[in-house]
Amino acid sequence: MYFISTRGGEKVTGAQAIVQGLAKNGGLYVPETFPAVSAEELQAMAEMSYAERAAFVLGKYLADDLGADYLKEICEKAYAGFEGNDPVPLVKVDGETGLYVLELFHGPTCAFKDMALQVLPYLLKKSCEVTGVNDEILILAATSGDTGKAALEGFRDVPGTKVAVFYPDEGVAKMQRLQMCIQDGNNVCVSAVKGNFDDCQRAVKRLFASEEFNQKLAEKGVRLSSANSINFGRLAPQIAYYFSAYLDLWTSGQIEVGDKIDFVVPTGNFGDILAGWYAKQMGLPVRKLVCASNRNKVLADFFAKGVYDVKRAFHRTMSPSMDILVSSNLERLLFEISGRDAELTAKRMQQLADEKEYSITAKEKAILDEEFFGGFASEDDTVEAMYEIFEDYGYAMDTHTGVALAVYMNYREAVEKVDEKDKTPCVVLSTANPYKFPQDVLYALSGNDVKDSFKGIKRLNLLTAMKPPKSLLDLRYRPLRFKTVVANDLAKMSDLILRFADGEIVPVPDKE
Ligand SMILES: *Cc1c(COP(=O)(O)O)cnc(C)c1O
């Protein structure tokens, strides 16, 4: 299987796509064709464990490069670290209307990013071997909260790698910040950057694109790589859980094979939902993919009007991992709906950079209308949805999943307007453990405000009787290792990374 750039001009193997991260012309790597999963294969997958299902789906893209046995081995290893018997449980919330929640947060950092970032280090290691890259790999990531921690945890002490994470100093939740700032491991570096996530992501993208910076790293035998969902190796493991949810519905007798289902995805960078669209291209019977945004509703407006317009204020919300204006992975979808027109895709991305907007054609818009439903939820709508589901079904969810639930409710209304009797099952992706955002979740479920996150955990535990994850409880007692805040300035950020590459930055915990 080969991969091509959304902006044309390149054709690489899967291993090369993973090592490179981003194409040389700034485009994203996409598979040359979508591999099909046949009805027989789908049925055979029903018998498999989650790790085997994941390896099977990954194998469709990467087996010829990395080997099917290797993929199986690493998926087993990666998902063995998840809590509980099933790494990705599907919870039935309302059998009557067919509402299910797919819990993707049982990994080590309590957010869905673990689904991919527990696998990515292995994919990258093997891809380097296969392509003959001997440089040390430096993973550089901008994070709105969850990617950073998951990347740090995935790559911590992995030989031949280093991982550096920048997070916006205004914009991540307290538990997220603590999780990153206490990170252990001898190959990690964490720093805040002044500004919001878009500022932070833009700066990191410019570092990736800077020849001078890459050259300086190369002189040290270091090569940059990305853990953001622009890397195909990050996207690919996410395709598997769409298949798995479908199979769980089938094996538990909720659907027949071939029935179509809907997915609702709380969306930020458009990586998660794009993985669902890839699953559909591979043959998974999906009716609609519902794209749920918070108050930063660039995507909802895009689906409504066919205009992607980032000329607007940026809002900080209680779903910080979705506080994003420029969703990087949308480029992959744009490429597809344009009929794989690389020139046009490149032009639109240039327009976005220069004029802060671009629009799509009526024909392209019609494809989106067919495949997607875009919606958004205000902070109040989100709180209301979380409260309602907890009251009615006793199910507690985090704020990002709350956004998805609120949009789900609007979506169902729209569906029932057309067909009152519609009973198409709907799977809402749950992307974080509620205890990661304890104050906001407590407020939503009970109306109570507490001043401290750990008090929030305690109260939430009393209210829901859900067990808080030990890794989050422990944060309270862990000394901070990383306290740096850098200006949003390319020179300063690059200087920090270069010193880190030299091994100068190995912070030790504060003495308590
Ligand atoms: C990253 C994240 C999202 C958004 O996922 P994308 O792939 O960026 O669209 C939603 N919820 C949580 C909790 C996340 O960490």
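Residues numbered from 1 in each chain as written. Predicted model: local features only at pLDDT ≥ 70, side-chain atom pairs only at ≥ 80, totals over all residues. Heavy atoms only, no water.

Asks: Break down the overall build of the chain for me, with residues and values.
Replies: Scanning the chain for helices and strands turns up 22 helices and 16 strands. In terms of overall size, the chain behaves like a compact globule, its C-alpha atoms giving a radius of gyration of 21 Å where 512 residues would be expected to give roughly 24 Å. For the chain, buried positions account for 60% of its 512 residues. Taking the contacts inside the chain whose residues are at least 6 apart along the sequence as the reference set, 75% of them involve residues at least 24 apart. Looking at charge distribution, the chain has the averaged site of its 59 positive side-chain charges lying 4 Å from that of its 73 negative ones. (Helix = DSSP H or I, 4+ residues; strand = E, 2+ residues; numbered from the N terminus. Rg over C-alpha atoms; globule rule 2.2 N^0.38 Å. Buried < 20%, exposed > 50% of the residue type's maximum accessible area, 1.4 Å probe, protein only. Contact = heavy atoms within 4.5 Å. Lys, Arg positive; Asp, Glu negative; His and termini not counted. Charge placed at Lys NZ, Arg CZ, Asp CG, Glu CD.)

Asks: Outline a positive patch on the surface, listing residues and values.
Replies: There is a patch of like positive charges on the surface, built from Lys-455, Lys-458, Arg-459 and Arg-476. Position of Lys-455 relative to the elements: it lies in helix α20 (residues 453-464). (Patch = residues over 30% accessible without salt bridge, like charges linked within 9 Å, V, L, I, M, F, W, Y side chains within 5 Å. Areas by Shrake-Rupley, 256 points an atom, 1.4 Å probe, with all protein chains shown as cover. Salt bridge = Lys/Arg side-chain N within 4 Å of Asp/Glu carboxyl O.)

Asks: Before we move on, can you summarise the nonpolar core with the specific residues and values?
Replies: Counting 109 residues, the largest nonpolar core has Tyr-79, Tyr-241, Tyr-242, Phe-243, Phe-263 and Phe-270 as the members making the most contacts within it. Top contributing element to this core by residue count: helix α11 (residues 232-251), with twelve residues. Apart from the residues within four sequence positions on either side, Tyr-242 is in contact with Phe-263, Val-265, Asp-272, Ile-273, Ala-275, Gly-276, Ala-279, Leu-284, Leu-289 and Leu-429. The next biggest cluster of nonpolar side chains, apart from the first, holds 45 residues, and it includes Met-397, Tyr-408, Ala-432 and Leu-472. (Core = buried A, V, L, I, M, F, W, Y, C linked by side-chain atoms within 4.5 Å.)

Asks: An account of the sheet that holds strand β1 (residues 2-5) is requested, with residue identities and associated values reported.
Replies: With antiparallel pairing, the three strands of this open sheet are ordered in space as β2-β1-β3. Only two strands of the sheet have a single neighbouring strand rather than two, namely β2 (11-13) and β3 (29-31). For this sheet, the mean angle separating the axes of adjacent strands, direction not counted, is 40 degrees. With three bridges joining them, β1 and β2 adopt antiparallel strand pairing. (Pairing = 2+ DSSP bridges. Axes fitted to C-alpha atoms, helices over the stretch in contact; angles between N-to-C directions.)

Asks: Report on the domain arrangement of the chain, specifying residues and quantitative values.
Replies: Domain annotation of the chain identifies domain 1 (120-230 + 477-501) and domain 2 (436-467). Computed over C-alpha atoms only, the centres of domain 1 and domain 2 are separated by 31 Å. Contact with domain 1, which involves seven residues of that partner, is made by seven residues of domain 2. Buried surface at the junction of domain 1 and domain 2, both sides included, amounts to about 580 Å², of which 65% is carbon and sulfur. Broken down residue by residue, the surface that domain 1 buries against domain 2 is led by Asp-146, Lys-174 and Met-175, which jointly contribute 68%. If you look at where domain 1 meets domain 2, you find two salt bridges. Here Asp-452 makes a salt bridge to Lys-174, at a shortest N to O gap of 3.5 Å. (Domains from an automatic or database assignment. Buried area = accessible area lost by both parts, 1.4 Å probe.)

Asks: Outline the side chain of Thr-267, listing residues and values.
Replies: Tracing the chain through its elements places Thr-267 in the loop between β10 (261-266) and α12 (271-281). The class of Thr-267 is buried, set by a relative accessible area of 4%. A distance of 2.9 Å separates the side chain of Thr-267 from the backbone oxygen of Val-265, its partner in a polar contact. Thr-267 has contacts with Ile-273, Cys-291, Ala-292, Leu-299 and Met-322, leaving out every residue within four places of it along the chain. (Polar contact = N/O pair within 3.5 Å; in protein donor to acceptor, adjacent residues only side chain to side chain.)

Asks: Can you tell me about the packing of aromatic side chains, naming the residues and giving the values?
Replies: If you walk through the whole model with that rule in mind, you get 17 aromatic pairs. Just above the ring of Tyr-2 sits the side chain of Lys-11; from NZ or CZ to the centre is 5.1 Å. Of note, Lys-297 hangs over the ring of Phe-376, and the distance from its end group to the ring centre comes to 5.0 Å. (Phe/Tyr/Trp six-rings, centres within 6.5 Å; stacked < 30°, edge-to-face > 60°. Lys NZ or Arg CZ within 6 Å of the ring centre and 35° of its normal.)

Asks: Explain the sheet that holds strand β7 (residues 161-168) residue by residue, including any values.
Replies: Reading across the sheet, the five strands line up as β9-β6-β7-β8-β16 and stay open at both edges, with parallel pairing between neighbours. The open sheet has two edge strands with one neighbour each: β9 (222-226) and β16 (485-486). Of the strands in this sheet, β6 (136-142), β7 and β8 (188-193) are in contact with helix α7 (residues 146-155), which crosses β7 at around 165 degrees. Strand contacts of helix α9 (residues 197-209): β6, β7, β8 and β9, with the helix running at about 155 degrees to β6, the strand carrying the most contacts.

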